[in-house]
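# Topology and contacts: notes
These are the residues of each chain, in order.
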Amino acid sequence: VITFSYSLTMIPDWFKAIDHALKILNPGGLIGVVDFHIARKFPDDRQKRQSFATRSFWPAWFSCDNVFLSPDHYPYLDYRFETELFTGKKLTVPYFPAFWWKVPYYIYVGKKPLTEPEGCR
């Protein structure tokens, strides 16, 4: 099992981090990720569509602390692993003046395929 807890958004080359996790996991091994989340403008059916304000404000807000939200986290995880669980939720941010506006985050659990697809090595 490999976990990333609110860290992918702070790793400059998070693609490499995910690829390295895939490399060192045994076939059938699990990856768990919890992180802040913005969806793509037109997300797939498993993600909720987010407003323009959400997709614009939160990345700008978090970037002040070198936390970079990416709409590509979930699609890349889904591409590299067999998705066992994906859910998007919202939570309040401590000390944030608008307590009613919540930041989106996701929970992801994926499994390393028993065999890798062609071109993924």
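Below: a short report on this structure. On a predicted model such as this, the values are computed, not experimentally measured, just so you know.

### A look at the overall build of the protein chain
Scanning the protein chain from terminus to terminus reveals three helices and four strands. Along the protein chain, helices and strands appear, N-terminal first, in the series β-α-β-α-α-β-β. In summary, the protein chain has a C-alpha radius of gyration of 15 Å against a globular reference of 14 Å for 121 residues, a match within 12%. Projected onto its principal axes, the C-alpha coordinates of the protein chain cover approximately 50 × 30 × 20 Å. For the protein chain, contacts bridging at least 24 residues in sequence account for 72% of all contacts bridging at least 6. Total accessible area computed for the protein chain in this model is approximately 7500 Å², and 58% of it derives from carbon and sulfur atoms.

### Topic: the nonpolar core
Residues Phe4, Leu8, Ile31, Val33, Leu77, Phe81 and Tyr108 are the most contacted members of the largest nonpolar core, which totals 18 residues. Contributing elements (two or more residues each) for this core: β1 (2-5), α1 (14-24), β2 (30-36), α3 (73-80) and β4 (103-111). For this core, the element with the highest residue contribution is α1, accounting for five residues. In this structure phenylalanine 81 touches Ile18, Leu22, Leu25, Ile31, Tyr108, Gly110, Lys111, Lys112 and Pro113, once residues within four positions along its chain are discounted.

### A few points about the sheet that holds β1
The mixed open sheet is built from four strands, whose spatial order is β1-β2-β4-β3. Two strands bound the open sheet, and with one partner strand each, they are β1 and β3 (82-91). On average, adjacent strands in this sheet sit at an angle of 10 degrees to one another, irrespective of strand direction. As judged from the seven bridges shared by β2 and β4, these two strands associate in the antiparallel manner. When the sheet's bridge partners are listed, valine 34 is paired in β4 with isoleucine 107.

### Things to note about the environment of lysine 111
Structurally, the position occupied by lysine 111 is in strand β4. Looking at lysine 111, the relative accessible area reads 28%, which means it is partly exposed. Between the alpha carbons of lysine 111 and glutamate 82 there is a distance of 5.0 Å; along the sequence they are 29 residues apart. In this structure lysine 111 touches Gly28, Gly29, Leu30, Phe81, Glu82 and Glu84, once residues within four positions along its chain are discounted.

### Digging into the environment of isoleucine 107
Relative to the elements of secondary structure, isoleucine 107 occurs in strand β4. Setting aside its immediate chain neighbours within four residues, isoleucine 107 contacts Val33, Val34, Leu85, Phe86, Thr87 and Lys89.

### Quick look at unusual backbone geometry
In this structure, tyrosine 6 takes a positive phi of about 50 degrees despite not being glycine. Position of tyrosine 6 among the secondary structure elements: in the loop between β1 and α1. Although it is not a glycine, asparagine 66 sits at a positive phi angle of roughly 60 degrees. Looking at where asparagine 66 falls in the secondary structure, it is placed in the loop between α2 (52-63) and α3.

### Points about the pattern of salt bridges
For the structure on display, the rule yields three salt bridges. Among the ionic pairs, glutamate 84 bridges to lysine 111, the shortest N-O distance being 4.0 Å. Taken together, the residues span a long stretch of sequence, with glutamate 84 in strand β3 and lysine 111 in strand β4 at a distance of 27 residues. Glutamate 84 gets classed as partly exposed once you look at its relative accessible area, which sits at 47%.

About the thresholds
- Residues numbered from 1 in each chain as written.
- Predicted model: local features only at pLDDT ≥ 70, side-chain atom pairs only at ≥ 80, totals over all residues.
- Heavy atoms only, no water.
- Helix = DSSP H or I, 4+ residues; strand = E, 2+ residues; numbered from the N terminus.
- Rg over C-alpha atoms; globule rule 2.2 N^0.38 Å.
- Contact = heavy atoms within 4.5 Å.
- Areas by Shrake-Rupley, 256 points an atom, 1.4 Å probe, with all protein chains shown as cover.
- Core = buried A, V, L, I, M, F, W, Y, C linked by side-chain atoms within 4.5 Å.
- Buried < 20%, exposed > 50% of the residue type's maximum accessible area, 1.4 Å probe, protein only.
- Pairing = 2+ DSSP bridges.
- Axes fitted to C-alpha atoms, helices over the stretch in contact; angles between N-to-C directions.
- Salt bridge = Lys/Arg side-chain N within 4 Å of Asp/Glu carboxyl O.

Such coordinate-based values are descriptive only and should not be taken to indicate function.
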